[in-house]
Amino acid sequence: MSSTTRWIPNWKLLTIEIENKKIEICFDEVSKLYACPYCVPQCKKGGIPDYGSYFFNIEDLKEHIKAHRLGLWLKKEEREEEEEEEERIRAEEEEEEEE
Ligand SMILES: [Zn+2]
């Protein structure tokens, strides 16, 4: 059982407008699917994505992109774990002053 489908998309870039903001999306002429540029950034380079969000209906994609934008706002409140320990630089080159 193979879950890998040999799908060779023929991406076409389309520009749509969402809330007065122009966004480039990908449309595959082979499967007639629209791809979300946030989930599937590879499509802009003509790549074959492993996974992502695809829509048959452009209106569905618009709703999906709007959700991304809301998601970005929410993410701002999330704080990344700070890992600054490795960034600590030892001032080895500094001359030690002997007292
Ligand atoms: Zn998406």
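Heads up: the structure comes first, above all this text.
The shown structure was predicted, so the numbers you read here are calculated from the model rather than taken from an experiment. The residue numbers shown here count from 1 along each chain, following its written sequence. pLDDT decides what is reported in this predicted model: residues at 70 or higher carry local features, side-chain atom pairs at 80 or more are listed and counted, and totals for whole chains, interfaces and linings draw on all residues regardless. To obtain the side-chain values, all non-hydrogen atoms of the structure were used and water was disregarded.

(A) Highlighting the coordination of the zinc ion. The rule for donors is simple: an N, O or S atom within 2.8 Å of the metal counts, and for Na, K and Ca the reach is 3.2 Å. Water is not among the atoms, so a site may look short of donors. For the zinc ion, the full set of protein donor atoms is C36 (SG), C39 (SG), H64 (NE2) and H68 (NE2), and the range of their distances to it is 2.0 to 2.2 Å. The rule is simple: four donors are tetrahedral if all their angles sit between 85 and 135 degrees, four are square planar and six octahedral if opposite donors span more than 155 degrees and the others lie between 65 and 115, and anything that fits none of that is irregular. With 4 donor atoms in place around the zinc ion and angles of 103 to 117 degrees between them, the coordination shape is tetrahedral. Sequence positions of the donors to the zinc ion reduce to the motif C-x2-C-x24-H-x3-H. Here H68 lies in helix α1 (residues 58–75) and C39 lies in the loop between β3 (33–35) and β4 (54–55), a separation of 29 residues in the sequence. Exposure categories follow from relative accessible area, calculated using a 1.4 Å probe and restricted to protein chains: below 20% of the type maximum is buried, above 50% is exposed, and the middle band is partly exposed. The class of H68 is partly exposed, set by a relative accessible area of 24%. Helix and strand assignments follow DSSP, with helices taken as H or I runs no shorter than four residues and strands as E runs no shorter than two, numbered in order from the N terminus.

(B) Layout of the pairing of strand β2 (residues 21–28). By definition, two strands form a pair when at least two bridges between them are found by DSSP. Looking at chain direction, strand β1 (residues 11–18) and β2 are connected through 8 bridges and run antiparallel. Across the sheet, L13 pairs through a bridge with C26, a residue of β2. The hairpin turn running from β1 into β2, its antiparallel successor, is 2 residues long, and E19 in that turn takes a positive phi close to 50 degrees. Judged from the 3 bridges that link them, β2 and β3 form a sheet pairing that is antiparallel. Looking across to β3, one finds that F27 is bridged to Y34. Between β2 and the antiparallel strand that follows it, β3, lie 4 residues; K32 among them carries a positive phi value of about 65 degrees.

(C) Quick peek at the nonpolar core. In plain words, nonpolar cores are sets of buried Ala, Val, Leu, Ile, Met, Phe, Trp, Tyr and Cys residues tied together by side-chain atoms within 4.5 Å. In this structure, I16, I18, I23, I25, F27, Y34, C36, F55, L61 and I65 together form the largest nonpolar core, which totals 10 residues. Among the secondary structure elements, those contributing two or more residues to this core are β1, β2 and α1. What makes two residues a contact is simply this: any of their non-hydrogen atoms within 4.5 Å. Every residue in contact with C36, bar those within four places of it in the chain, is listed here: S53, L61, H64 and H68.

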